[in-house]
Amino acid sequence: TDMQYRKLGNSGLFVSALSFGSWVTFKNQVDDNLGERLMKQAYDAGINFFDNAEVYAAGDSERIMGRVLNKLGWRRDSFCVSSKVFWGGEKPTQRGLSRKHVFDACHAALRRLQVNYLDLYFCHRPDIHTPMEETVRAMSDLVQQGKVMYWGTSEWRADQIATAHAVARQYNLVPPLMEQPQYNMLERTKVEGDYALLYDQFGLGTTIWSPLASGILTGKYNDGIPEGSRMSLSNFQWLADRLETEEGKARLEKARRLTALAGELGTSLTKLAIAWCLKNPNVSTVILGASKESQLTENIAALATLSLLGDDVMERIETILANKPDA
Ligand code: NDP
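Bear in mind the structure is a predicted one, so any value in this text is a computation, not a measurement.

### Regarding the site of the ligand
With respect to spatial proximity, 33 residues lie near the ligand, and among them Q29, D51, S210, K220 and S291 are the closest. S22 places a main-chain nitrogen or oxygen 3.0 Å from an oxygen atom of the ligand. Across the complex, the protein chains shield 96% of the 910 Å² of accessible surface that the ligand would expose by itself. Secondary structure elements with two or more residues in the shell around the ligand: strand 10 (285-288) and helix 12 (293-300).

### Quick look at the nonpolar core
Ranked by internal contacts, the top residues of the largest apolar core, which has 96 residues, are F20, M39, Y121 and I317. Setting aside residues no more than four positions away along its own chain, I317 makes contact with M185, L258, L261, L272, W276 and L309.

### Some points on the pattern of salt bridges
Following the criterion strictly, the structure yields 23 salt bridges and no others. Between D44 and K40 there is a salt bridge whose closest N-O contact spans 2.7 Å. One end of the pair, D44, and the other, K40, are both in helix 2 (residues 32-44), four residues apart, so they sit about a helical turn from each other. Between K190 and E155 there is a salt bridge whose closest N-O contact spans 3.5 Å. One end of the pair, K190, is in helix 7 (residues 189-194); the other, E155, is in the loop between strand 7 (148-153) and helix 6 (158-171), with 35 residues separating them in the sequence. You can call K190 partly exposed: its relative accessible area is 22%.

### Some points on the packing of helix 3 (residues 60-72) against helix 4 (residues 99-113)
As a packed pair, helix 3 and helix 4 sit with axes 7 Å apart at the nearest point and diverge in direction by 45 degrees. On the basis of the axis angle, helix 3 is oblique to helix 4. Contacts from E62, R63, M65, G66 and L69 in helix 3 reach A109, R112 and L113 in helix 4. For the contact of helix 3 with helix 4, the residue count by class is four nonpolar, one polar and three charged.

### Some points on helix 6
With 14 residues, helix 6 should cover 20 Å at 1.5 Å per step; its first-to-last C-alpha distance of 20 Å lies within 8% of that length. A positive phi of about 60 degrees marks N172, the residue just after helix 6.

### What about the packing of aromatic side chains?
Scanning the model with the defined rule gives eight aromatic pairs in all. Judged by centre distance (5.9 Å) and plane angle (90 degrees), the ring pair of W23 and F236 falls under edge-to-face. With W23 in the loop between strand 3 (18-21) and helix 1 (25-28) and F236 in the loop between strand 9 (205-208) and helix 9 (237-243), the pair connects residues that are 213 residues apart, well separated along the chain. Taken together, the ring pairs connect Y43, F50, W74 and F79 into an aromatic cluster. Geometry around Y117 places R76 over its ring, the cationic atom sitting 3.9 Å from the centre.

Quick notes on the rules
- Residues numbered from 1 in each chain as written.
- Predicted model: local features only at pLDDT ≥ 70, side-chain atom pairs only at ≥ 80, totals over all residues.
- Heavy atoms only, no water.
- Near = heavy atom within 4 Å.
- Polar contact = N/O pair within 3.5 Å; in protein donor to acceptor, adjacent residues only side chain to side chain.
- Areas by Shrake-Rupley, 256 points an atom, 1.4 Å probe, with all protein chains shown as cover.
- Helix = DSSP H or I, 4+ residues; strand = E, 2+ residues; numbered from the N terminus.
- Core = buried A, V, L, I, M, F, W, Y, C linked by side-chain atoms within 4.5 Å.
- Buried < 20%, exposed > 50% of the residue type's maximum accessible area, 1.4 Å probe, protein only.
- Contact = heavy atoms within 4.5 Å.
- Salt bridge = Lys/Arg side-chain N within 4 Å of Asp/Glu carboxyl O.
- Axes fitted to C-alpha atoms, helices over the stretch in contact; angles between N-to-C directions.
- Parallel < 35°, antiparallel > 145°, perpendicular 65-115°, else oblique.
- Nonpolar A, V, L, I, M, F, W, Y, C, P; charged D, E, K, R; others polar.
- Expected span 1.5 Å × (residues − 1).
- Phe/Tyr/Trp six-rings, centres within 6.5 Å; stacked < 30°, edge-to-face > 60°.
- Lys NZ or Arg CZ within 6 Å of the ring centre and 35° of its normal.

Bear in mind that shape data such as this cannot, by itself, settle questions of function.
If you want it as structure tokens, here you go:
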């Protein structure tokens with residue numbers, strides 16, 4: 001199936017409905033060689049947005065992506081690349097959303113990614129210690145300077161996004177365009193609940209993360225933690241620990257029931273879970289993660305699974321999930 005392209009909120013930018021990110025994988029599981037193969041595979045499938053952040057592998061994720069972009073030599077006008085600012089280091093000036101750190105982090109990301117501008121630049125979390133006006137002005141100024149095309153937020157509350165818009169309007173600054181929230185079958189509160197009014201009100205776009213809930217929605221954890229999987233990595237033990245909680249067990253039980261439903265439909269839970277995210281028209285792009293080429297192949301094939309998601313199937317999924325937020 002051909003790639004779909006969706007407008008990023010009310011901007012003129014068309015992003016591929018599936019995109020590719022590097023959290024956990026780049027450096028931990030993916031070196032330059034595999035990174036090059038994965039990015040080429042993604043690009044050849046029509047993916048045009050590659051997601052990164054200053055904090056991923058403490059800069060090494062952006063360094064790998066920068067070397068790969070340089071080597072592949074794609075035309076700069078044929079793809080989008082992002083970074084995110086918040087956690088740049090241990091020192092007080094190296095974190096948060098002060099004007100200083102927003103600028104320093106942007107310049108450092110440009111160097112690591114070996115590009116002249118970022119297409120998307122996100123405030124990775126809200127910063128309660130920096131006045132909203134300072135952050136909005138800093139992001140807006142980077143846009144004015146041509147170092148950033150569009151700026152947005154990640155995991156901000158709806159009222160914080162609304163405040164950023166109010167400040168931007170008041171001072172004639174560029175408002176945030178997009179939010180990067182977690183969204184998947186098991187995590188729906190922000191995208192379907194909290195943000196419900198923002199899509200119309202501000203033309204908010206979304207670049208959603210962890211569509212497979214770090215792999216739970218592949219079914220790979222249904223019977224324990226497989227060797228080499230994300231939850232088996234020593235530095236991501238905290239993810240594995242979550243599986244042991246009551247909430248974690250309930251999620252695994254849902255994954256088991258969804259695995260059976262996917263089998264009945266003649267598809268895999270992985271593809272069903274990604275297609276389910278794509279089904280939501282307020283999702284501009286679903287950021288995929290993959291540690292292997294075979295995973296990326298399957299995940300991209302989820303585009304064709306979208307046609308299975310009629311009202312009847314969506315209702316059967318809803319019955320298993322039983323977590324629809326009040327809009
Ligand atoms: P997913 O929930 O889709 O998890 C991806 C992981 O699941 C892979 O790395 C792989 O892990 C496993 N997997 C993927 N496909 C398959 C498959 N077909 N079969 C079996 N296992 C599979 O997404 P991520 O959590 O990786 O998030 C995607 C992107 O979103 C990130 O790269 C990042 O760009 C962004 N993100 C943003 C955040 C934010 O705060 N803004 C937070 C988190 C992510 P393995 O092989 O190791 O088991």
